[in-house]
Structure formats: structure tokens, C-alpha cells
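Per-entry structural report
Residues per chain, in single letters:
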Amino acid sequence: MTTSPYQNKELVETRRPGRRGLPPGLAVAIELGRALCGIAIAPLRTAIYLAVRKQKEEAIRGDLATAAPVLPAPEDLRPLDAEALGGRPLRIFIAAAEHSGEIHAANLIDALRKTAMDAGLKEPEFVGLGGAALEERGMRSIGNPGERAAMGFDGVLSALPYYLAMLRDAAQNFRDERPDLMIPVDSPALHVPLAHLAQKYDVPAAHFVTPQYWGWAPWRVKGYRKAVNLGLSILPFEPSWYGRHGVNSKHVGHPLLDELQEIGAPLSGVAARTEELQDPAPCGPLILLPGSREGVVRRNLPWMLDRIAELQSTPEFKDLEVVLPHSRRDLDEVIEQEFARSVARVRLAKSGLHKELARGACAFAVSGTVVLDILPHRLPTVVLYRLKNNRGIWLRDHLFSVPWFTSVNLLANREVHPEFAFTDHGDKDKGEGEAMRVKVRSALERALGDGDWRRENLAGQNHAESRLGPPGAVTRGAHAALEMLAQTRKTAVLGSKGSNS
């Protein structure tokens, strides 16, 4: 039997020595230059996109309508090529930039460890970027992007030295410790430059949770294609879009389903509540979800409380119960301040999101992953995306390439949940702002009190969930990443033999 060259340390350490010798500081400077060039030519890229915008929008509409890929059960995945993966423990670099990414990354570490050892490999070593949740899983952290994310990403320029230093430390690790594989999770703003750095040291990258470039500024996919060896997609229409743009991708399903399964949240049907969810429910409870970051909560919660106060001032909804599930101690002060300024009657619940969703009748939420948290509970939901300024309005009207921004609507390929993207700054835009306030308030009244609409909404949610597929995303993702690594090594071996013949 032929020994894999990747079991030969001398050969591993000497492949492409010129690139391995690139100083980490210089590698980061090159990436910074790449980013600055991208900013400089953004107006040209925008102009080119606007010229073909209609065709792009038609193409993504076609992607949204494609059939969801059939996902195998974890136990049905084909065996890994253990020989190609070598005899020594794999060293895997993991990166997570914020709280939700850390949850996925922690589960991914568990899945990578189990997948490797089930294939007869030694237990992998983990190193990377992340906080306590990853260190508890056995990862050696060389930096924690989440520390800065918790501070609210307070300005690009002020945060830049922090992230450049972290990228330099990662590049140092790529050069000196030679990870076999790098798997960043979500957060493309940090992780695409990180993947570019990994490529400079011949460390292959599999990105878990492909970016939503299909939503706006799709030209960014060109850089992504060069940065990653494999993109692991989580939404059923993404394989079609990424395939059309030449990105090597693998659909693995949504990791949120794994987390919901772990905590015992319902994954389909909620059959016991079907009749209740189809009937009017004017007394609630309405579940209020204003976001998970301080800046988002400050921007949205006062506006949402005003709409609730208006509802509670009407005879029909004077007894409306409203609950805000909340477990983030760092947001206590912000929420209490906004409650004190409002006449809306809202109960703060610290018993857990899914416990409150399980008894809710309707939700009022800021756009984000939380809309998929709501989906297993089948609550009719009014979704907001409050834009900061008129620049956001222009981007929405010119660069946004999909018909909806809410995940459930994209999955169903129609508007299931009413969604509103707007800017409303009170007296600064009285006419438009008042019109939007009326629209949102009317949507809440319909979501609570219109039985026919609630039945239609429930059918749409059923269809959306059917397209997500089964749990097991992290296991499929771990398997696909290791399979890619094995194939990369086999290809390198064949290339080496060809060049020597």
C-alpha cells in the first residue's frame, strides 16, 4: 500500500516554501490592501450591477423556486478516506466572531471530533478564534472576536487595529503551526479575509454558513470563490445560486435545527396548537423580540413599544398581554430604561425564549435568526428592519436583489410574515413615518385578530419548514469539510506525481 505523502512530515513542511515564508504582518497588509481596493472600486461595481439588476433579480427568483436538496441522515453519510487524512491527529483551526456563531462552532467541534474518530482517526487538535464556549470544547483560543462584538462593533476605524492584530496572530498560526484545515463559522466580514490569509499558507478553508451575498452586492462572491475551498450552505436555494457563480459548495441544512432538537423545542407540526393558531387571539400573548445587540435594541425597542401602546389603547386590544423573553444580563439596563419611558404594558420574562414562544399567539420581531427560532412554534410574526438613515433606503431600493429579507418568506418563496424595511425618525419624516406606523399597527391587528389570515399564515409556515430539511447540519458539515480535505490531499498527491514523471 502506498503511503500518503501527507503522512511524511518532511514533505508537508516543504510544500510551497516560498508562500510559507510570507511574514504574517505582510500577509495582513496585503489583505488590508485588497479590502481598500474593494472599497475604491465599489462605485464602479455598483454601476455595473445596476445595469444588469433586472436579470440578477430574475435569476435569484428562479433560485428561490428550486426544489430543496435531499439531505442524508448523518448515519447514511459515506465513509471518509481515512488513509488520505493521514495517521497523525488533524489540527483544525476554528473561528467564530459572535455569540450565535460560537454556538454553531461549539457543536461543530463536537461533530468534527466524533466524525474523525468514527473514521478511525486520532482525536483532532483544535485551535482558533473564539471564547469560552469553544475553549470548553477543547479548543485553544488565540483570540476572541466576540469580545469586540459584545461592545457593538463600535465603528470601523476604531475597531480596525483590534481586528488587524487578531488577523496577524491567525496568520502567524497558519505559518508556524500549519493547521490541516480552517473552518470559520458565519461572519464573512471577518472570515473571508481570514480565509484569504489561510490560502497564503496553503491551509484549505471550509466556510460553515455561506454568506448571504445573494441578498445584496452579489459581486462579492468573486472574492469568496478565491478564498474558500468549500462553502457549506444552510438554506435550500443557496446551492443553486452558488453553483451558478462557480463556488464549490455543499448543502448541509440549517444548524439551528440541531440546537432546537438539543433543547427539546418542537421541530414540526405543533399539532396540539393547530386550532388555537388558526383562531383570532386578541388577548395575546404577543411575544416581543427587539434584537440581541445593544445598538439594535436601542434603535428598535422604543418604536416597537409605541406601537404596542397604541394597540393597548384600543377597546379591542385593551387587555393585550405582551411578553419580552430575555436572558441577556448585559441588556437589562437598556431594556429597563426603555420600559420606564413607555406607557406600554409589557412583562419581562427570564424563563427562556422557547418556553414563552410555546404559549404565544403572535410575535413582533426584529429581522434576524430569531424568526427561524419562532418557526417551529408557528406564530404569526410581524418583522421589522429599521434602517438607520436614507442611505439604507437607497441600498434597499437599488442593491437589494431578493423580494424579501425575512428567512421564512424566502423559504416559502412568498410573503408569509408581513415585513417592513424603513427609516422612521419621528418629526424628521412625519408623512412617511406615520404611514409606516399605521401599516405595522394594522399588520399586528391582523396577526392577532384575523382568523382567515392566521390560517393562511400557518400554511405558509408549514411549507417554509418543509424546505429546511431534517436536523444534522453540523454532522453533515463536519463530514463535508473532512471529505474536502481528503480530496484536496489526494489531488495534491496526483499533481506531485504528474510533475515528477
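The text that follows walks through the structure, step by step, so that each part is easy to find. (Residues numbered from 1 in each chain as written. Predicted model: local features only at pLDDT ≥ 70, side-chain atom pairs only at ≥ 80, totals over all residues. Heavy atoms only, no water.)

1. Some words on the overall build of the protein chain
Scanning the protein chain from terminus to terminus reveals 24 helices and 13 strands. Counting every position in the protein chain, which comprises 501 residues, the buried fraction comes to 50%. (Helix = DSSP H or I, 4+ residues; strand = E, 2+ residues; numbered from the N terminus. Buried < 20%, exposed > 50% of the residue type's maximum accessible area, 1.4 Å probe, protein only.)

2. Quick notes on the nonpolar core
Ile94 and Phe174 are the most contacted members of the largest nonpolar core, which totals 103 residues. With 9 residues, helix H24 (residues 473-500) is the largest single contributor of residues to this core. Excluding residues that lie within four positions of it along the chain, Phe174 makes contacts with Phe93, Pro179, Met182, Leu194, Leu197, Ala198, Tyr201 and Val203. (Core = buried A, V, L, I, M, F, W, Y, C linked by side-chain atoms within 4.5 Å. Contact = heavy atoms within 4.5 Å.)

3. Looking at the pairing of strand S11 (residues 362-366)
Most of S11 sits out of view: 5 of its 5 residues are buried. Both faces of S11 are covered, namely the face carrying Cys362, Phe364 and Val366 and the face carrying Ala363 and Ala365. In this structure, S11 lies alongside strand S12 (residues 381-386), joined through 4 bridges in parallel fashion. Residue pairing in the sheet places Phe364 in a bridge with Val382 of S12. (Pairing = 2+ DSSP bridges.)

4. Notes on the packing of helix H3 (residues 24-40) against helix H11 (residues 188-200)
Relative orientation of the contacting elements H3 and H11 amounts to 135°, with a least axis distance of 10 Å. In terms of axis orientation, H3 runs oblique to H11. Between H3 and H11 lies a crossing whose hand is right-handed. Note on element contacts: H11 touches H3 through Pro193, His196, Leu197 and Lys200, opposite Ala27, Val28, Ile30, Glu31 and Arg34. (Axes fitted to C-alpha atoms, helices over the stretch in contact; angles between N-to-C directions. Parallel < 35°, antiparallel > 145°, perpendicular 65-115°, else oblique. Left-handed = near helix turned anticlockwise from the far one by under 90°.)

5. Some details on the packing of aromatic side chains
Aromatic ring pairs are reported here in terms of the distance separating the ring centres and the angle at which the planes meet. Summed over all chains, the structure comprises 9 aromatic pairs. A ring pair is formed by Trp214 and Phe237, whose centres lie 5.0 Å apart and whose planes are at 85°; its orientation type is edge-to-face. In this pair, Trp214 is assigned in the loop between strand S5 (206-208) and helix H12 (221-227) and Phe237 in the loop between strand S6 (230-233) and helix H13 (238-244), connecting sequence segments 23 residues apart. Relative accessible area serves as the criterion here: at 0%, Phe237 is assigned to the buried category. A network of ring pairs unites the aromatic residues Tyr213, Tyr224, Trp241 and Tyr242 as a single cluster. When the ring centre of Trp216 is taken as origin, the NZ or CZ atom of Arg220, which lies over that ring, is 4.3 Å away. Positioned above the aromatic ring of Trp303, the side-chain terminus of Arg307 is 4.4 Å from the ring centre. (Phe/Tyr/Trp six-rings, centres within 6.5 Å; stacked < 30°, edge-to-face > 60°. Lys NZ or Arg CZ within 6 Å of the ring centre and 35° of its normal.)

6. Topic: the environment of Ala198
Within the fold, Ala198 resides in helix H11. Residue class for Ala198 comes out buried when judged on its relative accessible area of 0%. With near-sequence residues (within four places) excluded, Ala198 lies in contact with Phe174, Met182 and Val203.

7. Remarks on the sheet that holds S12
Spatially, the 6 strands line up as an open sheet ordered S10-S9-S8-S11-S12-S13, and their pairing is parallel. The open sheet has two edge strands, strand S10 (347-349) and strand S13 (419-422), and neither has a second partner. Between one strand and the next, the sheet's axes are offset by a mean angle of 20°, whatever the strand orientation. With 2 bridges connecting them, strand S8 (residues 286-289) and strand S9 (residues 322-325) associate as parallel partners. Paired with Ile287 across the two strands is Val323, which belongs to S9.

8. So, the side chain of Arg441
Within the element layout of this structure, Arg441 appears in helix H22 (residues 430-449). Beyond its immediate sequence surroundings of up to four residues, Arg441 is in contact with Arg307, Glu310 and Leu311.

9. Thoughts on unusual backbone geometry
Across the chain, the bulk of peptide bonds are trans and the bulk of non-glycine residues have phi less than zero. At Asp202, a position not held by glycine, the phi torsion is positive, near 60°. Among the secondary structure elements, Asp202 is positioned in the loop between H11 and S5. Within the chain, Val209 stands out as a residue other than glycine whose phi angle is a positive 85°.

10. Details of the pattern of salt bridges
Charged atoms that come close allow side chains of opposite charge to pair. Scanning the model with the defined rule gives 31 salt bridges in all. Between Arg113 and Asp110 there is a salt bridge, and its shortest N-O distance comes to 3.8 Å. Residue Arg113 and its partner Asp110 are both found in helix H7 (residues 99-118); the two are separated by 3 residues, about one turn of the helix. Where Glu294 meets Arg298, a salt bridge forms, and the shortest distance between an N and an O atom there is 3.1 Å. Of this pair, Glu294 and Arg298 both sit in helix H16 (residues 294-312), 4 residues apart, which is roughly one turn of that helix. Overall, the relative accessible area of 38% leaves Glu294 in the partly exposed class. (Salt bridge = Lys/Arg side-chain N within 4 Å of Asp/Glu carboxyl O.)

11. Examining the packing of helix H4 (residues 42-51) against helix H5 (residues 53-64)
Viewed as axis vectors pointing N to C, H4 and H5 meet at an angle of 70°, and their least axial separation amounts to 4 Å. With respect to H5, the axis of H4 lies roughly perpendicular. For the pair H4 and H5, the contacting residues are Tyr49, Leu50 and Ala51 in the first and Arg53, Gln55 and Lys56 in the second. In terms of residue class, the contact of H4 with H5 is made up of 3 nonpolar, 1 polar and 2 charged. (Nonpolar A, V, L, I, M, F, W, Y, C, P; charged D, E, K, R; others polar.)

12. Focus: a nonpolar patch on the surface
Nonpolar side chains collect at one region of the surface, where Ile41, Leu44 and Ile48 lie side by side and expose about 280 Å² of accessible area between them. Overall, Leu44 belongs to the exposed group, its relative accessible area being 55%. (Patch = residues over 30% accessible without salt bridge, like charges linked within 9 Å, V, L, I, M, F, W, Y side chains within 5 Å. Areas by Shrake-Rupley, 256 points an atom, 1.4 Å probe, with all protein chains shown as cover.)

13. As for the side chain of Arg53
In this fold, Arg53 is placed in helix H5. Its relative accessible area of 19% is what places Arg53 among the buried residues. Side chain to side chain, Arg53 and Glu57 meet in a polar contact 2.7 Å long. Reaching out from Arg53, the side chain makes a polar contact with the backbone oxygen of Asp397 at a distance of 2.7 Å. (Polar contact = N/O pair within 3.5 Å; in protein donor to acceptor, adjacent residues only side chain to side chain.)

14. Some remarks on a positive patch on the surface
Together, Arg45, Lys56, Lys222, Arg225 and Lys226 make up a region of like positive charge exposed at the surface. Looking at the positive patch element by element, the count peaks at 3 residues for H12. The class of Lys222 is exposed, set by a relative accessible area of 53%. (Lys, Arg positive; Asp, Glu negative; His and termini not counted. Charge placed at Lys NZ, Arg CZ, Asp CG, Glu CD.)

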